[in-house]
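Inside the fold
If you want the building blocks of each chain, they are given just below.
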Amino acid sequence: MTHSPTSAQQNSGQEQFLTILSREAALARFEAELFPRPLPTEKRTLANALGLVLAEDVAAPVDVPPFDRSNVDGFAVRAADLAVASEPRPVRLTLNAEAIACGTVPQLPVLTGTATSIATGGPLPRGADAIVMVEHTHPGLSAIEVGRSISPGQFVSNAGSDMARGEVLLRAGTEIGSREIGMLAACGIAQLTVARRPRVAVLSTGDELVQPGEPLRPAGIYDANGPIIAAAVTENGGEAHFLGAFPDDEARLEKAMREALAAHDVLILSGGTSKGAGDVTHRIIGRLGKPGIIAHGVALKPGKPLCLAVCEGKPVIILPGFPTSAMFTFHDMVVPALRRMAGLPPRVDTQVTASLPLRIPSELGRTEFAMVSLVQGQGGLTAYPTGKGSGAITSFTQADGFIRIEALADHVPAGADVAVTLFTPRVRVPDLVVIGSHCVGLDLVVGELSRRGISVRSLPVGSLGGLAAAKRGECDLAPIHLFDPKTRIYNAPFLGDGLELVPGWRRMQGLVFRQGDERFEGLGAEEAVRAALADPDCMMVNRNQGSGTRILIDQLLGVERPDGYWNQPRSHNAVAAAVAQERADWGVTIAPVARAAGLGFIALTEEHYDFALISARKERPSVHAFLEALRTDEVLLGLERAGFSRPG
Ligand code: AMP
Ligand code: MG
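Everything numeric in this text was worked out from a predicted model, so none of it was measured.

Rules behind the numbers
- Residues numbered from 1 in each chain as written.
- Chains lettered and ligands numbered in written order.
- Predicted model: local features only at pLDDT ≥ 70, side-chain atom pairs only at ≥ 80, totals over all residues.
- Heavy atoms only, no water.
- Phe/Tyr/Trp six-rings, centres within 6.5 Å; stacked < 30°, edge-to-face > 60°.
- Helix = DSSP H or I, 4+ residues; strand = E, 2+ residues; numbered from the N terminus.
- Buried < 20%, exposed > 50% of the residue type's maximum accessible area, 1.4 Å probe, protein only.
- Pairing = 2+ DSSP bridges.
- Axes fitted to C-alpha atoms, helices over the stretch in contact; angles between N-to-C directions.
- Near = heavy atom within 4 Å.
- Polar contact = N/O pair within 3.5 Å; in protein donor to acceptor, adjacent residues only side chain to side chain.
- Areas by Shrake-Rupley, 256 points an atom, 1.4 Å probe, with all protein chains shown as cover.
- Nonpolar A, V, L, I, M, F, W, Y, C, P; charged D, E, K, R; others polar.
- Contact = heavy atoms within 4.5 Å.
- Parallel < 35°, antiparallel > 145°, perpendicular 65-115°, else oblique.
- Left-handed = near helix turned anticlockwise from the far one by under 90°.

1. Examining the packing of aromatic side chains
All told, the structure shown has 13 aromatic pairs when counted by the stated rule. With a centroid separation of 5.1 Å and an interplanar angle of 15°, the aromatic rings of Phe 328 and Phe 369 are classed as stacked. Of this pair, Phe 328 sits in helix 7 (residues 323-341) while Phe 369 sits in strand 24 (residues 367-376), placing them 41 residues apart in sequence. Across the pair, Phe 369 and Phe 328 agree in class, each one buried.

2. Details of the sheet that holds strand 5 (residues 91-100)
Backbone-to-backbone hydrogen bonds join strands into a sheet, with any given pair of strands oriented parallel or antiparallel. Pairing is mixed in the open sheet, where six strands are placed in the order 7-4-6-5-9-8. Among the strands making up the open sheet, the edge pair consists of strand 7 (130-133) and strand 8 (137-139). With direction set aside, neighbouring strand axes in the sheet form an average angle of 35°.

3. Some points on the site of ligand 1
In the neighbourhood of ligand 1, 17 residues make up the surrounding shell, with Glu 208, Asp 223, Ala 224, Gly 272 and Gly 321 lying closest. The separation between an oxygen atom of ligand 1 and a polar side-chain atom of Glu 208 is 2.5 Å. Residue Asp 223 places a side-chain N or O atom 2.7 Å away from a nitrogen atom belonging to ligand 1. Contact with the protein chains covers 81% of the free accessible surface of ligand 1, which is 490 Å². Of all elements in the fold, only strand 13 (199-205) and strand 15 (221-222) reach the threshold of two or more residues within the shell around ligand 1. A per-class count over the shell around ligand 1 returns six nonpolar, eight polar and three charged.

4. Quick look at the sheet that holds strand 16 (residues 239-246)
Across the sheet, six strands lie side by side as 16-13-17-21-20-18; this open sheet has mixed pairing. Since the sheet does not close on itself, it has two edges, and those belong to strand 16 and strand 18 (291-296), each with one partner. Averaged over all neighbouring strand pairs, the angle between strand axes comes to 15°, with direction disregarded. Alignment of strand 20 (residues 307-311) against strand 21 (residues 314-319), held across five bridges, turns out to be antiparallel. Its bridge partner lying in strand 21, Cys 307 is registered against Ile 318. The sheet contacts of helix 2 (residues 23-34) involve strand 18, strand 20 and strand 21, and relative to strand 20 the element is tilted by about 15°. Lying on the sheet, helix 7 is in contact with strand 13, strand 17 (266-270), strand 20 and strand 21; it crosses strand 21 at an angle near 170°.

5. Here we look at the packing of helix 4 (residues 225-235) against helix 7
Look at helix 4 against helix 7: their axes get within 11 Å of each other, and the N-to-C directions meet at 25°. Between helix 4 and helix 7, the interaxial angle falls into the category roughly parallel. Where helix 4 crosses over helix 7, the handedness of that crossing is right-handed. Within the contact between the two elements, helix 4 uses Asn 225, Ile 228, Ile 229, Ala 232, Val 233 and Glu 235 and helix 7 uses Pro 323, Ala 326, Met 327, Phe 330, His 331, Leu 338 and Arg 339.

6. So, the side chain of Arg 23
Position of Arg 23 among the secondary structure elements: in helix 2. A polar atom in the side chain of Arg 23 sits 3.0 Å from the side chain of Glu 24. At 2.6 Å, the side chain of Arg 23 and the side chain of Asp 332 are in polar contact. Apart from the residues lying within four places of it in its own chain, the contact partners of Arg 23 are Val 298, Leu 300, Asp 332, Met 333, Thr 367, Phe 369 and Arg 404.

See below:
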């Protein structure tokens, strides 16, 4: 398949995806190109086999135990001799002149009327067919008396009863853990044939990428994909080699890709596949070997720009740049092939059923994955979409699992039962659920609860989203900061039936500017706003409609619409970042955020951050603990140190 952009597309630096394959078609083509293929194997000693995958079935080379063995300390006897024994009429057996310990080969037979002393684990002598426990005998120097009859085979493990010679113990495809190692050791196996882990080269691409541990430069982004992909490769049976991040330079990248492919079985890149200007990886693949690109553009969301290729039998994959897209496409489209190359069986994911609290719109024609967090709802589990979009790494890492919306659906209705594929083997139901507006102060309370062994799930969905969740009974508490301009009261006017207000803390709102900016230095709040409005070069950063801060800004501005007004980010931190990075000169945010960003701050007014509590949940132990934690010295001091204040 070739993509030939028109000259108009080339001029704009943007190409279009000419052929979008369905998820199923792309997978089928990719796997048809790769399989069947021989499984490369290697020999490993037992000591170096942990975590590897058996390449062939293993049969027991010997019987285990190798001989009939005593399970107790006692005497080897012929059961028939004791047929008539009873407490009042014990049978006397003459002792043979040997005692069998573990590792002793018996020399004397047990003839009728005799017994041989034997330890647990000792091999049975010829003639003996059962063991009588030492506790059930009256031993003398040269004979014993036995006051009960026993059945043949009593306390004897027969040769091969644990593992029989020739019996298949482990099947190809089994992952070798400590239990498997124990079993193999027990039958004397020192060396195994295992699947050789596919060697997977992982490369990140992008001029903006910075490795974790290095200082972030302006416009830089930490390379998240490299480490996640390498770890996920290891989790799925591969041997990952992270080769670093490469700038979008066609010549350098081609050299790196050629070298990586020569030394590895699989090449996985991320980024540079979107067909934007500077996205070059997919163009290089065509030159790396036949058949080349199998699919570029798959009807997946997230993950449309995924590129699957096979070059001279080796899979070459370009994952989308956004970490969440990269991980979804990796798990959904690459892991099946990787596991097969590693000799592993297909992964079995745990699924649970949960109901959706909200309608999820979905794009028709693309298989869509929506990440969800699970909370205990009234009738069962509720699956909360955590969607921050595919650019957000936390939408992947903080979710419990995901739901799959088939390509033919354009939405999933609210209230629908959905199958949630879990990221972890079990559902973790938290003790306390907090849904609403997030605040760094909340982390202090959650920290205090976690020290008390109480697990908290906190979903940041904004004040209004939190209130809606509280009204649906999906959380215990909803943190909110909503100003009612009519009553000029925070939060209380927004509570409905069944909710009550738990006072939280106050956050000083103020005007922020870069320290040393003489337009603002030393001014009071009103003067500062007047100064900003008077200077046409002074750029503001606004806040989103519906936020408490925006109400404040609108009051400050009146009818003025200064430059920057339409830049309306959704968080306190984004305002601070815009001013610190000189994309704006002033904005309004809260004091702790201004302080953390090293900005100048002119106090305006206090915002109230409180909690809407579902009254019916008031008596829950975890809610009690939350209310208590709010009042502890640690939390109060912590809040104060971070720049929050508590209502008098
Ligand atoms: P691209 O596909 O290269 O256009 O990248 C799409 C988006 O993903 C951009 O915002 C990139 O900065 C981001 N991105 C690409 N690679 C990485 C990476 N390794 N780690 C984190 N973000 C990345
Ligand atoms: Mg890029």
